[in-house]
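Topology and contacts: notes
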Amino acid sequence: MFALTAEGLLDEARRAAEELRHGCVARGEWWTRSYADYQLSLIALFEDRAEDATAHALSMLDGKRHIGDSFGIALGLDLLASALAAQGAGERAVAAYAAGETYWSAVGHPQRGTPELGPVRARYEDTARSLLGDDRYEQALLHSALSDPETILHHLLDGPRGGS
């Protein structure tokens, strides 16, 4: 499914990821399921389906939190931030980016092994900045960077889903 997505064969990649995810849910398997959600979220972003991208990114993060996978949480926060920005939720996107940076600094180099996420992140960071304006973006980034990343993760997963 990763290769299919990289090759731009999104329909096939989506079907493979959905099938894999379904099997994981049936077996109670979290690690692989979360990466199927990662792919489904990424595909949804590539197809301009921001709400689906957000739902799958949240599911990925829930799984990664469930198993305590800090690398996966960092990756999921970047993906969620992009999906939130695509959905127009600029402040929540910036909070997710900032929390992700904290997780990345704990696990090593950002986006290690995920070259497809770099351009997505750059595009949607620009979107979040455009939504908020430079000053508000920088203020939100600083506020979130000074906050506890686990509290931000909890708020993103369990808090309100709307807003900017």
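Before reading further, recall that the structure is shown in the block above.
Computed from a predicted model, the values in this text were never measured in an experiment.

1. What to know about the packing of helix 2 (residues 10–27) against helix 3 (residues 31–46)
It is at 9 Å that the axes of helix 2 and helix 3 come closest, and there the two elements cross at 150°. Classified by the angle between their axes, helix 2 and helix 3 sit roughly antiparallel to one another. Considering only the axes of helix 2 and helix 3, their crossing is left-handed. Judged by residue contacts, Leu10, Ala13, Arg14, Ala17, Glu18, Leu20, Arg21, Cys24 and Val25 of helix 2 engage Thr32, Arg33, Ala36, Asp37, Gln39, Leu40, Ile43 and Phe46 from helix 3. Taken together, the residues that form the contact of helix 2 with helix 3 break down as 10 nonpolar, 2 polar and 5 charged.

2. Here we look at the pattern of salt bridges
What the rule picks out here adds up to 15 salt bridges. Ionic pairing is found between aspartate 69 and lysine 64, a salt bridge with its closest N-O pair at 2.9 Å. What makes aspartate 69 buried here is its relative accessible area of 15%. For glutamate 125, the salt bridge is made with arginine 121, and the minimal N-O distance between the two is 3.1 Å. Note that glutamate 125 and arginine 121 are positioned in helix 7 (residues 117–132) at a spacing of 4 residues, about one turn of the helix.

Calculation rules
Residues numbered from 1 in each chain as written. Predicted model: local features only at pLDDT ≥ 70, side-chain atom pairs only at ≥ 80, totals over all residues. Heavy atoms only, no water. Axes fitted to C-alpha atoms, helices over the stretch in contact; angles between N-to-C directions. Helix = DSSP H or I, 4+ residues; strand = E, 2+ residues; numbered from the N terminus. Parallel < 35°, antiparallel > 145°, perpendicular 65-115°, else oblique. Left-handed = near helix turned anticlockwise from the far one by under 90°. Contact = heavy atoms within 4.5 Å. Nonpolar A, V, L, I, M, F, W, Y, C, P; charged D, E, K, R; others polar. Salt bridge = Lys/Arg side-chain N within 4 Å of Asp/Glu carboxyl O. Buried < 20%, exposed > 50% of the residue type's maximum accessible area, 1.4 Å probe, protein only.

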